[in-house]
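As a plain string of letters, each chain reads:
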Amino acid sequence: MAPATDPSIYMIRATCPHDCPDTCAMLVTVQDGKAIKVGGDPTHPVTQGFLCAKVSRYIERTYHPDRLLYPMRRVGLRRSGQWERITWDEALGEIADKFKGIIAEYGPQAILPYSYSGTLGLLNYGSMDRRFFHVLGASLLDRTICATAGSVGYKYTVGASIGTDPEQYANARLILLWGTNTLTSNPHLWPFIKRARAKGARVIAIDPYRSRTAQQCDEHIALNVGTDAALALGLLHVIFADGLEDQAYLRDYTVGEAELRARAAEFPPERVAQITGLEPERIISLAREYATTQPAAIRINYGMQRHAGGGMAVRTVATLPAVVGAWRHPAGGILLSTSGTYPLNFSTLERPDLIRPGTRTINMNALGNALTAVADPPVKALFVYSSNPAAVAPDLERVHQGLMRDDLFVVVHEQFPTDTAEYADILLPATTQLEQADIHKAYGHLYMSWNEPAIAPLGESVSNTELFRRLAARMGLTEPCLRDSDDDMARQLLASDHPALRGITLEALKEHGWLRLNVPEEFAPFAAGNFPTPSGKCELRSERMTADGFDPVPAFTPPAESLQNAPELAAKYPLALLTPPAHHFLNTTFVNVLNRYEDGPKLEINPVDAVARGIANGDMVRVFNDRGAFQVPASITDRAKPGVVVAPSIWWRKLTPDDKGVNHTTSQALSDMGGGATFYDNLVEVAKV
Ligand SMILES: Nc1nc2c(c(=O)[nH]1)N[C@H]1C(S)=C(S)[C@@H](COP(=O)(O)OP(=O)(O)OC[C@H]3O[C@@H](n4cnc5c(=O)[nH]c(N)nc54)[C@H](O)[C@@H]3O)O[C@H]1N2
Ligand SMILES: Nc1nc2c(c(=O)[nH]1)N[C@H]1C(S)=C(S)[C@@H](COP(=O)(O)OP(=O)(O)OC[C@H]3O[C@@H](n4cnc5c(=O)[nH]c(N)nc54)[C@H](O)[C@@H]3O)O[C@H]1N2
Ligand SMILES: [Mo]
């Protein structure tokens, strides 16, 4: 960009890398080689000139005194915090030697990469690392910790992660924020919701917890945890019973109407009221309001799918817009994620063709088992980057046992001394977004963007792509794609004849910073059918589901840990624990930098449940089940309804009272679809310490 009047001050176009639907376009002011300010790009239609409460403090994070700046080798006992600084040459040499030894003795599958969403930049999220581990022959990691249950469920109904353009929410007349805390986890959608409201739209939150978002809505429907599919079937029951469905849309653009009608008939309001804990009258009135207010837009996100029945819940809720014909309108329909709108060339980026046939896959949610119970071969080396599994993975007691194994070689590539970094044998310094190049798509809008490095890497930190280029060279791997530059890989990713990418070249992105996909301004993807399903229609009945062993018709699956499915467990552990993100944290990112804005780890508990246990506000409580326990102060509030306790998350263990986290109680059990995590399907008991 053009320099400002003082030539030592200039602005760089960057992109927020964090795991959030908003993927903001940022402007970074640099003076004498130092970043001094970050702001939201005022010209970007979704960023609209503001950054969230976290990323607006990105300068503080970048230059934080705790940044890891040099490679280090563990010298004391694991977790003793004793390190010695080593050179990159020594670090790479030691990793290469260890890997070669493990491969010789156990084969390459004894090496497990573990990464997730420290950055969503497409190069640093997954490119050179994937190529490196594929060529090596390492075990594959199934990256299922966040979104797979919902994505798979949504695809059965709609065909791909394509939905309502978030900018169109401004024109909706009714908005259901269903299992999503928009103000915290998707804040750049809120201005569009506010515009809709200014024009008279009503906004309803459907969430067991009175979240920050639910507090701001016109109405909050506090259903029981994990009962969304039952509510959706109840709404469908009323819609069909009252004849409020869009018959032409159903006839022309769906398959399975008869089966869906039959299923919905099994869910009269009285039954649904029992399951969801809502009044039958409210179920009836919500159904009528939804079916008769057009355009009606539903925003789901990933909250409702962190349950055993999460895939089916999303699949079921996603049938609603077709039944009432909401897809006819650009501002109607449903949005889970816009990911599927981007026709990017991921196979040239990640090179799955380099995977050796028969290579095993390890589900990242089962890390605890993988490190303690898997043989043939056992995991002998764990390489963690862009993730903090010692805090974010479920069943942390098992994860801890695994990470403490003397015979496990642990490498961690990090920006900060996280809980996971403490287990490392070799700790490598990672650049932040201001120090690395990347290319971005979004999962909550329709723009691509470029991230130009604003400053030189601090200390000796390197990006993920550079790390794996260096390691590949050091290990003597000769596959040519292991030498590609970041620009090479960005070009490979964009190489596509698809009309949506027309004009979106690396050069154009570097020049303009961000560009909208070539989709219509008034994007209404399914106004006239064209669902990317096998039938080309919205699949109310799905043959693919039958083939995959599921009920082909929308259904309600109660939580695995519920009175209905596990009465003995529910008697022992009667409280459902939810652990959604705290406002100033991004999973565990920012926790060390911004915890002063949160009032400490805590457990929100309803007065009814607190009194029954003799717990007063501020008392230290122990939250526990058979998997583990953690201690936090109790915060008595009716934001958590009776039977539900809420621990805003995810605190660094080292900042909690007992070095334990919420995930000491969560389970490695997987969701019905996609091998997803079940963080919110978690029964506990609470006692005063
Ligand atoms: N500030 C901030 N923003 C973030 C994140 C963050 O950590 N911090 N994380 C990012 C990531 S990785 C993701 S995946 C997204 C997640 O963002 P969201 O999809 O919004 O998901 P969660 O915050 O997990 O949960 C949202 C809400 O779902 C509710 N919920 C839990 N169980 C149920 C249920 O059974 N039914 C219903 N209807 N609601 C339920 C919770 O009470 C919570 O208020 O946000 C992203 N944005
Ligand atoms: N109980 C409970 N557990 C949960 C959730 C929940 O709601 N409740 N949410 C789940 C969800 S939705 C998700 S997505 C996962 C998220 O889990 P993770 O993907 O592990 O996300 P973070 O905790 O943010 O940790 C990312 C780490 O990557 C580092 N990092 C950032 N950028 C880079 C980079 O460019 N290179 C390298 N090498 N490192 C980098 C950051 O410093 C940070 O420590 O957690 C899951 N765990
Ligand atoms: Mo996530």
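Conventions adopted
- Residues numbered from 1 in each chain as written.
- Chains lettered and ligands numbered in written order.
- Predicted model: local features only at pLDDT ≥ 70, side-chain atom pairs only at ≥ 80, totals over all residues.
- Heavy atoms only, no water.
- Core = buried A, V, L, I, M, F, W, Y, C linked by side-chain atoms within 4.5 Å.
- Buried < 20%, exposed > 50% of the residue type's maximum accessible area, 1.4 Å probe, protein only.
- Helix = DSSP H or I, 4+ residues; strand = E, 2+ residues; numbered from the N terminus.
- Contact = heavy atoms within 4.5 Å.
- Domains from an automatic or database assignment.
- Buried area = accessible area lost by both parts, 1.4 Å probe.
- Polar contact = N/O pair within 3.5 Å; in protein donor to acceptor, adjacent residues only side chain to side chain.
- Nonpolar A, V, L, I, M, F, W, Y, C, P; charged D, E, K, R; others polar.
- Near = heavy atom within 4 Å.
- Expected span 1.5 Å × (residues − 1).
- Axes fitted to C-alpha atoms, helices over the stretch in contact; angles between N-to-C directions.
- Left-handed = near helix turned anticlockwise from the far one by under 90°.

### What about the nonpolar core?
Among the nonpolar cores identified, the biggest contains 160 residues, and Phe 99, Phe 132, Trp 178 and Phe 383 are the most heavily contacted of them. Take this core: its biggest share by element is 10 residues, from helix H9 (residues 228-241). Ignoring any residue separated from it by four or fewer positions in sequence, one finds Phe 99 in contact with Ile 111, Phe 132, Phe 133, Leu 136, Ala 381, Phe 383, Phe 409 and Met 475. Membership of the second largest hydrophobic core comes to 28 residues, among which are Val 55, Ala 454, Ile 455 and Leu 594.

### A closer look at the domain arrangement of the chain
Per the domain assignment, the segments of the chain are domain 1 (9-62), domain 2 (72-146 + 348-449 + 456-516), domain 3 (149-336 + 525-547) and domain 4 (567-688). Here the C-alpha centre of domain 2 lies 25 Å away from the C-alpha centre of domain 1. Taken residue by residue, the interface counts 22 residues in domain 1 and 25 residues in domain 2. The largest per-residue losses of area from domain 1 upon contact with domain 2 belong to Pro 17, Asp 19 and Arg 61, which jointly make up 29% of the total buried on that side. Taken together, the connections running from domain 1 to domain 2 amount to 12 residue pairs in polar contact (both at pLDDT 80 or more). The set of elements that each furnish at least two residues to the side of domain 1 that touches domain 2 consists of strand S1 (9-15), strand S2 (25-31) and helix H1 (58-62). Sorting elements by how many residues they give to the side of domain 1 that touches domain 2 places H1 first, with four residues. Grouping the amino acids of the side of domain 1 that touches domain 2 by side-chain chemistry returns 11 nonpolar, six polar and five charged.

### Re the site of ligand 1
As a matter of local geometry, ligand 1 sits amid 34 residues, with Asp 207, Tyr 302, Phe 585, Asn 587 and Tyr 680 nearest to it. Interatomic distance of 3.1 Å between a backbone N/O atom of Ile 206 and a nitrogen atom of ligand 1. In the environment of ligand 1, an oxygen atom lies 3.2 Å from a nitrogen or oxygen atom belonging to the side chain of Arg 306. For the shell around ligand 1, a count of residues per class yields 17 nonpolar, 12 polar and five charged.

### Some points on helix H2 (residues 88-106)
Given 3.6 residues per helical turn, the α-helix brings residues three or four places apart onto the same face. In a regular helix each residue adds 1.5 Å, so 19 residues correspond to 27 Å; H2 covers 26 Å between its end C-alpha atoms and thus fits that length. Every buried residue of H2 is listed here: Trp 88, Ala 91, Leu 92, Gly 93, Ile 95, Ala 96, Phe 99 and Ile 102. Where H2 is buried, its residues meet strand S6 (111-115), helix H4 (128-136), strand S15 (381-385), strand S16 (409-414), strand S17 (426-429) and helix H20 (464-474). Positive phi appears at Gly 107, one or two residues downstream of H2, with a value of about 85°.

### Some details on the environment of Cys 52
Here Cys 52 shows up in the loop between strand S3 (34-40) and H1. Along the chain, Cys 52 and Asn 186 lie 134 residues apart, while their C-alpha atoms are 9.4 Å from each other. Ignoring any residue separated from it by four or fewer positions in sequence, one finds Cys 52 in contact with Pro 187 and His 188.

### So, the site of ligand 2
If you check the shell around ligand 2, you find 31 residues, and the closest are Ser 387, Glu 414, Asn 464, Thr 588 and Thr 589. Contact distances for ligand 2 include 3.1 Å between an oxygen atom and a side-chain N or O atom of Arg 61. Asn 388 is positioned with one of its backbone polar atoms (N or O) 2.9 Å from an oxygen atom of ligand 2. Residue composition of the shell around ligand 2, grouped by class: 11 nonpolar, 16 polar and four charged. Counting contributing residues, the shell around ligand 2 receives three or more from each of domain 2 (72-146 + 348-449 + 456-516) and domain 4 (567-688).

### Quick look at the packing of helix H5 (residues 148-158) against helix H14 (residues 310-317)
The geometry of H5 relative to H14 is characterised by a closest axis approach of 7 Å and an angle of 35° between their N-to-C directions. Handedness of the crossing formed by H5 with H14: right-handed. On H14, the residues touching Ala 149, Gly 150, Gly 153, Tyr 154, Tyr 156 and Thr 157 of H5 are Gly 310, Gly 311, Val 314 and Arg 315. Along the lines of polarity and charge, the residues of the contact of H5 with H14 split into four nonpolar, five polar and one charged.

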